[in-house]
Amino acid sequence: AESSPLGRPQEGHLRNVRQLTFGGENAEAYFSLDDRWLIYQGHEGDDACDQIYVMDTSSGNRRLVSTGKGRTTCAYFFPSGDRVLFSSTHLGSPDCPPRPDYSQGYVWPLEKSYDIFTARADGADLKRLTTAPGYDAEATISRDGKKIVFTSVRDGDLEIYTMDADGTNVRRLTRQPGYDGGPFFSPDGARIIWRHFDESGMNADVFTMKVDGTDKRRVTDFKSMSWAPYFHPSGQYIIFTSNKLGFANFELF
């Protein structure tokens with residue numbers, strides 16, 4: 001039988017909605033530069049931890065590219081398509097870390113043993129890029145494949161850093177108290193977009209800056225949670241989510 005349409009009449013900006021995953025919990029999916037592949041994190045079962053998968057967008061077939069140990073997050077393709085980035089706790093322990101308490105809402109676990117890794121798109125040739133103590137994650141790469149931007153707690157607060165694609169030449173870009181994270185390069189590589197949580201953790205806003213950390217600009221100021229920003233390929237627009245319409249109602253803007 002033909003499945004019911006996934007599009008909803010009230011979503012006037014969305015067309016051709018297609019479901020790609022059908023079990024467990026799956027999140028943080030990003031396209032390869034040629035749009036043929038998706039990379040994302042997912043797991044099935046309450047006692048399991050997220051691992052990184054690559055999916056063929058035409059067939060829906062997927063393969064595991066992380067180690068299958070620990071917890072993983074924040075995967076991204078190199079622009080060449082032959083390598084991937086992700087963060088993993090497997091060196092700290094092969095076991096799945098305890099799940100956080102979601103009774104008061106969504107919680108993002110900042111596991112101390114997260115480090116950033118790169119591997120071939122089939123999971124082979126795993127290489128560790130970060131060795132600093134504490135959380136290193138949320139890594140993405142510039143379109144020329146030369147620079148990685150990521151979030152780290154290595155200096156005591158969650159800040160944005162860049163490094164070369166081989167893990168060298170680390171540079172800190174943000175210094176304001178609060179959680180700075182979720183960074184991405186603009187298509188031309190000239191700017192970085194990210195989200196900053198204030199010290200209370202109850203408000204977040206979208207910011208941009210030049211790749212050297214100068215010219216910081218605030219994009220949103222809704223006294224709410226505005227985050228997960230991403231550049232349109234033209235570089236002229238961004239998309240982000242915010243609960244400015246109600247605490248539990250996150251929408252795309």
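These lines cover the structure that appears in this document, whether it is placed above or below. (Residues numbered from 1 in each chain as written. Predicted model: local features only at pLDDT ≥ 70, side-chain atom pairs only at ≥ 80, totals over all residues. Heavy atoms only, no water.)

**A short note on the sheet that holds strand E11 (residues 159-164)**
Phase 1 of the analysis: Read from one edge of the open sheet, four strands run E9-E10-E11-E12, paired in antiparallel fashion. Where the open sheet ends on each side, the last strands, each with one partner, are strand E9 (136-141) and strand E12 (171-172).
Phase 2 of the analysis: Where strand E10 (residues 147-152) meets E11, six bridges bridge the pair, whose relative direction is antiparallel. For Ile 148, the partnering residue across the bridge sits in E11 and is Met 163. (Pairing = 2+ DSSP bridges. Helix = DSSP H or I, 4+ residues; strand = E, 2+ residues; numbered from the N terminus.)

**Here we look at unusual backbone geometry**
Phase 1 of the analysis: Phi is positive for Glu 138, which is not a glycine, with a value near 60°.
Phase 2 of the analysis: For Glu 138, the position within the fold is in strand E9.
Phase 3 of the analysis: At Asn 169, a position not held by glycine, the phi torsion is positive, near 60°.
Phase 4 of the analysis: When you line up the elements, Asn 169 lands in the loop between E11 and E12.

**Focus on the pattern of salt bridges**
A side chain with one charge may pair with a side chain of the opposite charge, provided their charged atoms come close.
Phase 1 of the analysis: The final tally for this structure, using the stated rule, is 16 salt bridges.
Phase 2 of the analysis: Note that Asp 122 and Arg 120 form a salt bridge whose closest N and O atoms lie 3.9 Å from each other.
Phase 3 of the analysis: Taking relative accessible area as the criterion, Arg 120 reaches 40% and is therefore assigned partly exposed.
Phase 4 of the analysis: Residue Asp 125 pairs with Lys 127 through a salt bridge whose shortest N-O separation is 3.9 Å.
Phase 5 of the analysis: Looking at Asp 125, the relative accessible area reads 35%, which means it is partly exposed.
Phase 6 of the analysis: One salt-bridge network, held together by shared partners, links Asp 205, Arg 218, Asp 221 and Lys 223. (Salt bridge = Lys/Arg side-chain N within 4 Å of Asp/Glu carboxyl O. Buried < 20%, exposed > 50% of the residue type's maximum accessible area, 1.4 Å probe, protein only.)

**Observations regarding the nonpolar core**
Phase 1 of the analysis: Ranked by size, the top nonpolar core spans 28 residues in total, and within it Ile 39, Leu 85, Phe 86, Ile 116, Ile 148 and Phe 150 carry the most contacts.
Phase 2 of the analysis: Listing elements by their share of this core, those giving two or more residues are strand E2 (37-43), strand E3 (51-56), strand E5 (72-77), strand E6 (83-88), strand E7 (115-120), E9, E10 and E11.
Phase 3 of the analysis: Ignoring any residue separated from it by four or fewer positions in sequence, one finds Phe 86 in contact with Ile 52, Val 65, Ser 66, Thr 72, Thr 73, Cys 74, Ala 75, Asp 115, Ile 116, Phe 117, Ala 119 and Leu 126.
Phase 4 of the analysis: Formed by nine residues, the second largest nonpolar core is a distinct cluster that contains Cys 74, Tyr 114, Ala 137 and Tyr 179. (Core = buried A, V, L, I, M, F, W, Y, C linked by side-chain atoms within 4.5 Å. Contact = heavy atoms within 4.5 Å.)

**As for a nonpolar patch on the surface**
Phase 1 of the analysis: A surface patch of nonpolar side chains, amounting to about 250 Å² of accessible area, comprises Leu 6, Leu 14 and Val 17.
Phase 2 of the analysis: Looking at the element boundaries, Val 17 is found in the segment before strand E1 (25-31). (Patch = residues over 30% accessible without salt bridge, like charges linked within 9 Å, V, L, I, M, F, W, Y side chains within 5 Å. Areas by Shrake-Rupley, 256 points an atom, 1.4 Å probe, with all protein chains shown as cover.)

**Concerning the side chain of Thr 118**
Phase 1 of the analysis: With respect to the helices and strands, Thr 118 occurs in strand E7.
Phase 2 of the analysis: Setting aside its immediate chain neighbours within four residues, Thr 118 contacts Phe 78, Arg 83, Val 84, Leu 85, Asp 125, Leu 126, Lys 127 and Leu 129.

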